[in-house]
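Chain and residue survey
Residue strings, one per chain:
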Amino acid sequence: MRIWWTCLALGILLGASSWATGEELTSAQCLECHAVEAVTPPRIPSPPGEDLFLLPESVHGGLECSDCHGGVTEEHPLEKAALPRVDCGQCHADEAELLARSVHHPPVGAATEGYPQCYSCHGAHGVFKQDDARSYLFTAAWDRACSQCHEKEEAVYRESLHGTAMVKGDPLAPHCWDCHGSHGILPPENPGSRSNPINVPEMCGACHAENAPVAAARNIAQHDILQHYEESIHGEGLKRKGLTVTAVCSSCHTAHHVLPHTDARSTIHRDNVVKTCMQCHTLIEEVHRKVVEGRLWEEEPNKVPVCIDCHQPHAARKVYYDEGVSDKDCMACHGHAVTGATRVLAAVDTIELASSTHARTRCAQCHTGAQPSLHRPCETIAAKVDCSICHAAMVNDYRRGVHGQLAARGDPDAPECLDCHRGHGTQSKRDPASPTFPRNVPTLCGACHREGERAARRLPPERQHEIVAHYSMSIHGKGLLQSGLVVTAMCSDCHTAHRELPRTDPESTVHPDNVPATCGRCHHGIQEVFETSIHSASVSQTERKLPVCSDCHSAHSIVRTAEEQFVESVIGACGDCHREEAETYRDTYHGKTAYGPGKAAKCYDCHGAHDILPPSDPHSRLSRQNIVATCAQCHRGAHLRFAAGYLTHATHHDPKKYPALFFTFWAMTALLVGTFAFFGLHTLAWLPVSFRELRHRKRLVETTGDQRMFRRFDPRRGNCISS
Amino acid sequence: MALKFSYMPWAQKLAGILGGFESAGSLHRFCAVVMVVVFVIHLGMIVSRKRQGGRSWREVLSGTGSLVPNMNDARELWATLLWFLRRGPRPNYGQWTYWEKFDYFAVFWGVAIIGSTGLMLWFPEHFTRIFPGWLINVATIIHSDEALLAVGFIFTIHFFNTHFRPDKFPMDMAMFTGRVAVEELKEDRPRYYEELAASGELEKNIVPPAPREMHFWGAVFGAIALVVGFSLVGLIIYSMVFGYR
């Protein structure tokens, strides 16, 4: 390298000495040798001189060769000495200075090879003004300059909106240098570069800002692009926070491959926009999982709204809901219902919507598939609203439940989301006006399940009927509807809100196996006790059916356990399984008086209710340790002989188990039957003679009867007259 | 009775009218106490009469006017059966016929049995200190069946024998007035009449007819007893036939 420089320096010295000694050549002298034939099209001058024929017509036509090629003397042709480098900066000082700092200038001390020279872009001798078709920089011949080196960029640009416009000769089409500058092109990482992110919005805005030539002359769907961008979270990041990694125009639109959003290849086309945004927002589906089921982004992207449906393209803000431009677009037609103008199809009650939980949900979030560029963006909406976009868990439950299964079969009776939830006016279940507010749920479910309504009509007669009427009279129904306790159990507390399943389904909350847990959600203390009792499946390993809450308390007719209705039903309920015990119980004093709300001991008074254990269990209320205390609840002064001795389930029908009772009963029965039989016959036999007697006495009275009254006894003193 | 047939709807209604099984039970116990007091007074009267008469227990039990059945009653029973079958004349009944003696002892026995078992059922905690627990169950059966017998007997057999048989229809007022027409006495109990006439007691005890009010209230009581009794009997038969268990 050093040798090369030394040679160059020697050459210059030699040149200078020859200029000092010899005469400078005139242009005519030069052309004696350098007359070059015309080449079409003229190539970028390498080797030099090929475009020499253009010189006379070029902007430099009036110059002598020596004006640029200074120091060429008579000795030149003889010596074949290298010509000194043309220094355009002699005249074009400003440009030279810019170039010296640009990426197109080798750093100080570096080789010039690979770097463009002035003539690389402007031509050597054929330098023309830019609007001259012969200029290398003529707009229609744009591919002759930059593309020599930037081939790839050129190819992409050629396809782009800018490139095609350029080909068409659109005067507004941007040239490479419109964006990058000409002589002073700086590397993009240099903050002074026009393609540094910090400058990109202004650079693009030069054309696309409101009132700029392009925005004014071209039909672009978006308005106030630059202003929106600057107010957006991206613009704020860039301008106020100085974050150069923030998205700028080219981040989304690309730098050279700018295409309209209608072009399927475009990065901002609906189908691609998610991918585009995800260049930066890589894990956006994680963030949106609550709002949009993440899986759908990948599996069924057509189902979910794309980024721009919610986040306005240029006005993307952290709080983007307040100003949904697209909502305004929708309401322009669909909001008329309220303003009183012509009614339109699918009118939206904006007042209702404003008070709903979806007030801050954009139209496009639910009504997916809109095409914002169309005059009626909704024209392209084909699918019904799919609530699972946001409420995936609920909809999955619904599909699993009976309602969803019926709906899947196309059953006309099957309720869908909007049968229980209002559409635009959907409200929180905590809102008293909502149909899903606890106090309104029985009415809501009753719309179908009340007796005579469509759901009730489908049920076979052996299934539960009068459900809503029974519920309303139950402890839960009274608590909810009369006492106004919203924490009281209502339909969906037991049946779930979305996943209602018949009790035969093992997954159902009202399947016998799950009933204790379902009731235990509120009655947890009871459930804990119950789970330790003989009736719990966790204690009794048996094939026989074990009772659960609803077997004793019923499902919809639950009453207070102190009420007559329960007291009477519970003995029958126990008796469903413990038939003999219930029957023999009824033979004893307790059982005989256990009708109505009396104090008579019922099953649960002795055996316990939820904590029932076999008497052999020491913890049982009827174990030897506890039985006296159990009886003493009613029988003060109870003792073991009394408590264990009295036969609470005795029957006189069993001679083997209870011989004393059996024989007492039959002895008494024999006495009764004997007495009645004897005197019955006695009386019957008496009848005929009694009639005869009657006639005889009538005669007597009529004749000479002694009608004086004899006192047989004194009723006051009670002593009889004996003879 | 409501308790015995408590599985029948009418019994539950009846108990309800009385204020539920609990208050019906209190009422029952109150009446029981009255009954026991009456029984004790009766026993006391027998004892005091014995003392006044200065007779021995043997004389009291077997003498004239005694209600203790004797051989003569057996003979009269046989004669009565023959009379029913028109194989003989009407027996010469004395002061008490055999069925009246049965009526008396039925009640006597009934009160004793029902009273004692009732007491056991009233205070089972105390009785089981001495007796085994199952005796309470036995007492329940006896108490209830004996009551059934008593009610059934009074309102059917007794009613017919004493009041309802055609020659006494509709009722014998002697219960309330203590009086009986001499002619009727002569017909009904010829032997007694003769004994009275012979001893001169007949003439000593001729009294004016009973006051009208006595008759009236007697009739009212009788009618009420009749209605209650027949309803009970009707219900018992109904329950035995249709709801027995």
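Residues numbered from 1 in each chain as written. Chains lettered and ligands numbered in written order. Predicted model: local features only at pLDDT ≥ 70, side-chain atom pairs only at ≥ 80, totals over all residues.

**Notes on the overall build of chain B**
In terms of regular secondary structure, chain B is built from 12 helices and two strands. Counted from the first residue to the last, chain B has its helices and strands arranged as α-α-α-α-α-α-α-α-β-α-α-α-β-α. Looking at the 245 residues of chain B, the share that counts as buried comes to 27%. Considering only residue pairs separated by 6 or more positions, chain B has 58% of its internal contacts joining residues 24 or more positions apart. (Helix = DSSP H or I, 4+ residues; strand = E, 2+ residues; numbered from the N terminus. Buried ≥ 20, exposed ≤ 12 C-beta atoms within 10 Å, placed from the backbone. Contact = placed C-beta atoms within 7 Å.)

**Regarding the overall build of chain A**
When you go through chain A residue by residue, the secondary structure sums to 40 helices and one strand. When the 723 residues of chain A are sorted by exposure, 28% land in the buried category. Of all intrachain contacts in chain A linking residues separated by at least 6 positions in sequence, the fraction that spans at least 24 positions is 49%.

**What about the nonpolar core?**
Core analysis: the biggest nonpolar cluster contains 18 residues, and Phe642(A), Leu661(A), Ile136(B), Val138(B), Ala139(B), Ile141(B) and Ile142(B) have the highest contact counts within it. Where this core is concerned, the elements lending two or more residues are helix H39 (640-645) and helix H40 (659-702) of chain A together with helix H7 (134-164) of chain B. Among the elements that make up this core, the one with the highest residue count is H7(B) (six residues). Ignoring sequence-local partners within four residues, the contact set of Phe642(A) consists of Cys631(A), His635(A), Pro124(B), Glu125(B), Thr128(B) and Gly133(B). (Core = buried A, V, L, I, M, F, W, Y, C linked by C-beta atoms within 7 Å.)

**Focus: the interface of chain B and chain A**
With 60 residues of chain B at the contact, the number on the chain A side is 59 residues. A per-element tally of the side of chain B that touches chain A places H7(B) first, with 15 residues. Pairing analysis gives three bridges linking strand E1 (residues 709-711) of chain A to strand E1 (residues 179-181) of chain B, with the strands arranged antiparallel. Bridge assignment links Phe710(A) to a residue of E1(B), and that residue is Val180(B). (Pairing = 2+ DSSP bridges.)

**A word on the sheet that holds E1(B)**
Taken together, the three strands give an open sheet; going across it, the order is E1(B)-E1(A)-E2(B), and neighbouring strands pair in antiparallel fashion. Of all strands in the sheet, those bounded by a partner on one side alone are E1 and strand E2 (206-207) of chain B.

**Describing helix H29 (residues 475-482) of chain A**
Residue and element names in this part refer to chain A. His476, Gly477 and Leu480 are the residues of H29 that are buried. Projected down its long axis, H29 carries its buried residues within an arc of 95°, all on one side. Against the buried residues of H29 lie helix H26 (441-449) and helix H28 (467-473). Just downstream of H29, Gly484 is the residue with a positive phi angle, here 75°. (Arc of directions from axis to C-beta.)

**Concerning the packing of helix H5 (residues 98-122) of chain B against H7(B)**
Residue and element names in this part refer to chain B. Where H5 contacts H7, the axes come no closer than 9 Å and their chain directions differ by 155°. Overall, the two elements H5 and H7 adopt an arrangement that is roughly antiparallel. As H5 packs across H7, the resulting crossing turns out to be left-handed. When H5 is examined against H7, the residues Trp99, Asp103, Ala106, Gly110, Ile113, Ile114, Thr117, Gly118, Met120 and Leu121 are found in contact with a partner set consisting of Ile136, Ala139, Thr140, Ile142, His143, Glu146, Ala147, Ala150, Phe153, His158 and Asn161. (Axes fitted to C-alpha atoms, helices over the stretch in contact; angles between N-to-C directions. Parallel < 35°, antiparallel > 145°, perpendicular 65-115°, else oblique. Left-handed = near helix turned anticlockwise from the far one by under 90°.)

**Notes on unusual backbone geometry**
All names here are of chain A. In this structure, Asn211 takes a positive phi of about 75° despite not being glycine. Residue position: Asn211 is located in the loop between helix H10 (200-208) and helix H11 (213-217). Given 7 C-beta atoms within 10 Å, Asn211 falls into the exposed group.

**Here we look at the environment of Tyr589(A)**
When you line up the elements, Tyr589(A) lands in helix H36 (residues 589-593). Residues Tyr589(A) and His649(A) lie 60 residues apart in sequence; the distance between their C-alpha atoms is 9.9 Å.

**As for the confidence of the model for chain B**
Residues and elements named next belong to chain B. When the pLDDT values of chain B are averaged, the result is 84; 98% of them are 70 or greater. Element-level mean pLDDT values for chain B span from 76 in helix H8 (residues 174-177) up to 90 in helix H6 (residues 124-127). Across the whole predicted complex the pTM is 0.61, and at the interface the ipTM reaches 0.86. (pLDDT = per-residue confidence, 0-100.)

**Some words on the environment of Ser266(A)**
Residues and elements named next belong to chain A. Turning to its location among the elements, Ser266 is positioned in the loop between helix H14 (249-253) and helix H15 (270-277). Since 22 C-beta atoms lie within 10 Å of it, Ser266 is described here as buried. Sequence spacing of Ser266 and Thr254 is 12 residues, and the spatial spacing of their C-alpha atoms is 9.1 Å. Leave out the neighbours within four places in its chain, and Ser266 touches Leu259, Pro260, His261 and Asn272.

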